[in-house]
Amino acid sequence: MDSKLLRSCTGGEAHDASSNTRSVLSKIDFSADTNLTAIVTKLESSENNLLNSTGVETKSEFTAEISALDGVFDDRVICFKMFVEANMHWADPLLVNKANKVWAQVDANDRYLYKLGYEDQMTHALSLFTELDQEEYQSMMTDLFGVKESYTLCKTAYTNLQSMYRKGQEVKALKKQTVPSSVFKKEVVEIINEKLLPYMGILADNQPETYADAYAKINHYIDLINQKIRTRRSRATTEEEVSSEVE
């Protein structure tokens, strides 16, 4: 009756097998058994590591949010540029001169910065803002129609995009630093198959009044998970065969 958890289980299935196993054993006082205590302690540690690692791997990198905010920023940059360009064609030569000076900074920092990748885009934008935030340009933009307002909206959109982009980068960095969940899944499976189940089998034979029922329940849980895995395999094989026939 000594079942083994199939190695093709998912991380979630390995976690469930471990959690159910420890739940069964929690109803038994095996504190005097140092071997079983050590096995269960190691299993719990690997189970927790598996859960934490999986949690990190499934963290959102805010890709959709970044894309949406990038679209907003692109629109704000285009809007700002259009207002500056409109003022360059105004009837008042003084305003035209000011608009030309503002445009010179836009041009110097890549007028098409919204077409760049995120990092280059933000670098060029920051450079542009550093120049235009100077009092000289702030005064000029205040005199131009719609330029100061559109510039403020552009900077707000930049700040929102930059903040979300940094969050995404922090998650990516965390994922790179985290041990893959597959490593901990393998640990959990090995502990269950190679240490816990064989030892529990011995205890069930020698101390059936204490361990036989728990051993049977653990095997039952593992059999249910294995059945789920085999069903998944069978379904995948069937779909592959159907797909092959269609082709």
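Residues numbered from 1 in each chain as written. Predicted model: local features only at pLDDT ≥ 70, side-chain atom pairs only at ≥ 80, totals over all residues. Heavy atoms only, no water.

### So, the overall build of the chain
Counting secondary structure elements, the chain contains 9 helices and 0 strands. Along its sequence from the N terminus, the chain presents helices and strands in the succession α-α-α-α-α-α-α-α-α. Overall size of the chain, expressed as C-alpha extent along the three principal axes, is 100 × 55 × 20 Å. Accessible surface, the chain: about 14,200 Å² in total, of which carbon and sulfur atoms supply 52%. For the chain, the distance from the average site of its 28 positive side-chain charges to the average site of its 38 negative ones is 1 Å. (Helix = DSSP H or I, 4+ residues; strand = E, 2+ residues; numbered from the N terminus. Areas by Shrake-Rupley, 256 points an atom, 1.4 Å probe, with all protein chains shown as cover. Lys, Arg positive; Asp, Glu negative; His and termini not counted. Charge placed at Lys NZ, Arg CZ, Asp CG, Glu CD.)

### Re helix H5 (residues 118-132)
With 15 residues, H5 should cover 21 Å at 1.5 Å per step; its first-to-last C-alpha distance of 21 Å lies within 8% of that length. Those residues of H5 not exposed but buried are Gln121, Met122, Ala125, Leu128, Phe129 and Leu132. Buried positions in H5, seen along its axis, are confined to an arc of 125° and lie on one side of it. Contact partners of the buried residues in H5: helix H3 (63-87), helix H4 (93-108), helix H6 (135-143) and helix H7 (147-177). (Expected span 1.5 Å × (residues − 1). Buried < 20%, exposed > 50% of the residue type's maximum accessible area, 1.4 Å probe, protein only. Arc of directions from axis to C-beta. Contact = heavy atoms within 4.5 Å.)

### Some thoughts on the pattern of salt bridges
Applying the stated criterion across every chain, the model contains 9 salt bridges. Residue Glu13 is joined to Arg232 by a salt bridge in which the shortest nitrogen-to-oxygen separation is 2.7 Å. On the criterion of sequence distance, the pair formed by Glu13 in helix H1 (residues 11-25) and Arg232 in helix H9 (residues 208-246) is long-range, its members being 219 residues apart. Since its relative accessible area comes to 4%, Glu13 is described here as buried. One network of salt bridges, in which partners are shared, links Glu13, Lys228 and Arg232. (Salt bridge = Lys/Arg side-chain N within 4 Å of Asp/Glu carboxyl O.)

### Side note on the packing of aromatic side chains
Tallied over the entire structure, the rule returns 6 aromatic pairs. Here Phe73 and Tyr158 contribute two aromatic rings whose centre-to-centre distance is 6.0 Å and whose plane-to-plane angle is 55°, an arrangement assigned as tilted. Taken together, the residues Phe73 in helix H3 and Tyr158 in helix H7 connect sequence positions 85 residues apart. Through a chain of ring-to-ring contacts, the aromatic side chains of Phe73, Phe80, Phe129, Tyr151 and Tyr158 assemble into a single cluster. When the ring centre of Phe129 is taken as reference, the NZ or CZ atom of Lys155 above it lies at 5.9 Å. (Phe/Tyr/Trp six-rings, centres within 6.5 Å; stacked < 30°, edge-to-face > 60°. Lys NZ or Arg CZ within 6 Å of the ring centre and 35° of its normal.)

### Thoughts on empty space enclosed by the protein
According to the stated counting rule, one finds 1 cavity of 30 Å³ or more in the structure shown. Roughly 60 Å³ of internal volume is contained in the largest cavity. Together, Phe73, Val77, Phe80, Lys81, Val106, Asp110, Arg111, Leu113, Ala125, Leu128, Phe129 and Cys154 line the largest cavity. At the level of elements, H3 and H5 are the ones that each hand at least two residues to the lining of the largest cavity. In terms of residue count, the dominant contributor to the lining of the largest cavity is H3 (4 residues). Taken together, the residues of the lining of the largest cavity break down into 9 nonpolar, no polar and 3 charged. (1 Å grid on protein atoms, 1.4 Å probe; cavity = no way out; pocket = protein on both sides within 12 Å on 5 of 7 lines; lining within 4 Å. Points joined across faces, edges and corners; volume = space filled by probe spheres on them. Nonpolar A, V, L, I, M, F, W, Y, C, P; charged D, E, K, R; others polar.)

### Points about helix H8 (residues 181-206)
Between its first and last C-alpha atoms H8 spans 36 Å; for 26 residues at 1.5 Å apiece the expected length is 38 Å, and the two agree. Maximal helix bending in H8 amounts to about 35°, located at Ile192. (Bend = angle between axes of the 7 residues up to and from the residue.)

### Description of the packing of H4 against H5
The geometry of H4 relative to H5 is characterised by a closest axis approach of 9 Å and an angle of 155° between their N-to-C directions. Considered as vectors, H4 and H5 are oriented roughly antiparallel to each other. Both H4 and H5 take part in a crossing whose hand is right-handed. On H5, the residues that touch Val102, Gln105 and Val106 of H4 are Leu128, Glu131 and Leu132. Taken together, the residues of the contact of H4 with H5 break down into 4 nonpolar, 1 polar and 1 charged. (Axes fitted to C-alpha atoms, helices over the stretch in contact; angles between N-to-C directions. Parallel < 35°, antiparallel > 145°, perpendicular 65-115°, else oblique. Left-handed = near helix turned anticlockwise from the far one by under 90°.)

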